Amino acid sequence: MNTFFDEHKIRLKNLSSEPFYLREGLKYWEEKEFKDLNFEIVKNEKYTIDTSLVKNKFIDSKVYCTSRISKPLFSKDRKRLLLAVEEDCKSDKSVTIYLLKEIAGKYIYETDISSIRTSVD
């Protein structure tokens, strides 16, 4: 993950130790979109992420935003993987899901999808 974050200049502001579960992505996208790419979203999955291993994180005490990341989700044939990054800034919440494909034993960026939700107070 660190290599991917470095290569794509993804910085994680106030990274939370609470993971982003890809099932939460179903609030933004239809499950069929994942199934069409040969992914199965696990509904009751629980895990932790050791955020001390993540290099591209920083603390910004001036802004109330937190980031969460998912663990990689491999496709059924293991030829692709999904990785999600969420940024929650009180009234604005954005989620980006990155799709990587396996080429010669490495996972390479293929595309991403993003969604932003804004709540009006």
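First, a word on what this report is: a plain description of the structure on this page. (Residues numbered from 1 in each chain as written. Predicted model: local features only at pLDDT ≥ 70, side-chain atom pairs only at ≥ 80, totals over all residues. Heavy atoms only, no water.)

1. Quick notes on unusual backbone geometry
At step 1: Not every positive phi belongs to a glycine, and Asn38 is a case in point at roughly 75 degrees.
At step 2: By the secondary structure assignment, Asn38 is in the loop between α2 (31-35) and β2 (57-58).
At step 3: For Asn38, a relative accessible area of 28% puts it in the partly exposed group.
At step 4: Positive phi, normally seen in glycine, also occurs at Lys90, with a value near 55 degrees.
At step 5: With respect to the helices and strands, the residue Lys90 is situated in the loop between β5 (80-89) and β6 (92-103). (Helix = DSSP H or I, 4+ residues; strand = E, 2+ residues; numbered from the N terminus. Buried < 20%, exposed > 50% of the residue type's maximum accessible area, 1.4 Å probe, protein only.)

2. Remarks on the pairing of β6
At step 1: With ten bridges joining them, β5 and β6 adopt antiparallel strand pairing. In the strand pairing of β6, Leu82 is matched with Leu99.
At step 2: The hairpin turn running from β5 into β6, its antiparallel successor, is two residues long, and Lys90 in that turn takes a positive phi close to 55 degrees.
At step 3: Of the pairings in the sheet, the one linking β6 to strand β7 (residues 106-118) comprises twelve bridges and is antiparallel in character. Each residue of the ladder has a partner; that of Lys101, found in β7, is Ile108.
At step 4: Turn length for the β6-β7 hairpin, with the two strands adjacent in sequence and antiparallel, is two residues, and the turn residue Ala104 shows positive phi of about 50 degrees. (Pairing = 2+ DSSP bridges.)

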